Amino acid sequence: QVQLVESGGGLVQAGGSLRLSCVASGSIFRINAMGWYRQAPGKQRESVATITRGGGGNTNYVDSVKGRFTISRDNAKNTVYLQMNSLKPEDTAVYYCTANELGTDYWGQGTQVTVSS
């Protein structure tokens, strides 16, 4: 079992920045990847960014955030971050942290990000 707790959401003006954090606890040694999803009202949940826990920390991003968002990790703190710059109103959503442990996905409770125009 893995528990995930997100923090760092809030209200920001377009063009601003936020950093989300996600702390993992539990069977963290079995986690092979972590990431961030988001879900806007009336839309499906989408993958925003992922990072592998081992090796060089391979990353992937959805096209709409490339060049603006950066996912990173601190394995010593069991934490993954999402630095979000140049935010746009269309980035408004609930952001969820995820962790994959041997094929099982775990989810955090979500944190609201609202970008005003």
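This text follows the structure it describes.
Since the model is a prediction, treat every value here as computed from it, not as a measurement.

Undergrad: Tell me what's going on with the overall build of the protein, and back it up with residues and numbers.
TA: Across its full length, the protein holds 0 helices and 11 strands. Ordering the α and β elements of the protein from the N terminus gives β-β-β-β-β-β-β-β-β-β-β. Taking the principal axes of its C-alpha atoms as reference, the protein extends roughly 40 × 25 × 20 Å. Split by element, the accessible area of the protein, about 6000 Å² in all, is 47% carbon and sulfur.

Undergrad: Describe the nonpolar core, and please don't skip the residues or the numbers.
TA: Formed by 29 residues in total, the largest nonpolar core has its most connected members in Leu 4, Met 34, Trp 36, Leu 82, Met 84 and Tyr 95. In this structure, Leu 4 is in contact with Cys 22, Val 23, Ala 24, Met 34, Cys 97, Thr 98, Ala 99, Tyr 106, Trp 107, Gly 108 and Gln 109, ignoring residues within four places of it in sequence.

Undergrad: Which residues make up the layout of surface pockets, and what are the values?
TA: Of the volumes computed, that of the largest pocket is approximately 180 Å³. The wall of the largest pocket is formed by 13 residues, among which Arg 38, Lys 43, Glu 46, Glu 90 and Asp 91 lie closest to the centre.

Undergrad: How would you sum up the side chain of Glu 6? Please name residues and give values.
TA: Mapped onto the elements, Glu 6 comes out in strand S1 (residues 2-7). The charged side chain of Glu 6 is buried without a salt bridge, its nearest counter-charge being Arg 45 at 8.1 Å. Reaching out from Glu 6, the side chain makes a polar contact with the backbone nitrogen of Gln 109 at a distance of 3.0 Å. At 2.9 Å, the side chain of Glu 6 forms a polar contact with the backbone nitrogen of Gly 110. In this structure Glu 6 touches Ser 21, Cys 22, Trp 36, Tyr 95, Tyr 96, Cys 97, Gly 108, Gln 109, Gly 110 and Thr 111, once residues within four positions along its chain are discounted.

Scoring rules and cut-offs
- All residue numbers refer to position in the chain's written sequence, counted from 1.
- Side-chain atom pairs in this predicted model are given and counted only at pLDDT of 80 or more, local residue features only at pLDDT of at least 70, and totals for whole chains, interfaces and linings cover all residues.
- Only heavy atoms go into the side-chain values, all of them from the structure, while hydrogens and water stay out.
- A run of H or I in DSSP counts as a helix once it spans at least four residues, and a run of E counts as a strand once it spans at least two, with each numbered from the N terminus.
- Surface accessibility in these figures is a Shrake-Rupley result with a 1.4 Å probe; residues are shielded only by whichever protein chains are displayed.
- By convention a nonpolar core is built from buried Ala, Val, Leu, Ile, Met, Phe, Trp, Tyr and Cys residues, the set being connected through side-chain atoms within 4.5 Å.
- For every residue, the accessible area obtained with a 1.4 Å probe (protein chains only) is divided by the maximum for its type, and the residue is called buried under 20%, exposed over 50%, and partly exposed between those limits.
- Whether two residues touch is decided by their heavy atoms; if any such pair falls within 4.5 Å, the residues are in contact.
- Detection works on a 1 Å grid of protein atoms alone, calling trapped sets that fit a 1.4 Å probe cavities and calling open sets with protein on both sides within 12 Å along at least five of seven lines pockets, with lining residues defined by an atom within 4 Å of a point.
- Grid points are joined across faces, edges and corners, and a volume is the space filled by probe spheres set on the points.
- His is not counted, nor are the chain ends; Lys and Arg add positive charge and Asp and Glu add negative charge.
- Each reported salt bridge corresponds to a side-chain nitrogen of Lys or Arg within 4 Å of a carboxyl oxygen of Asp or Glu.
- In the analysis that follows, any N or O atom pair within 3.5 Å is treated as a polar contact, provided that within protein one partner can donate a hydrogen and the other can accept it, and provided that, for residues neighboring in sequence, both atoms belong to side chains.

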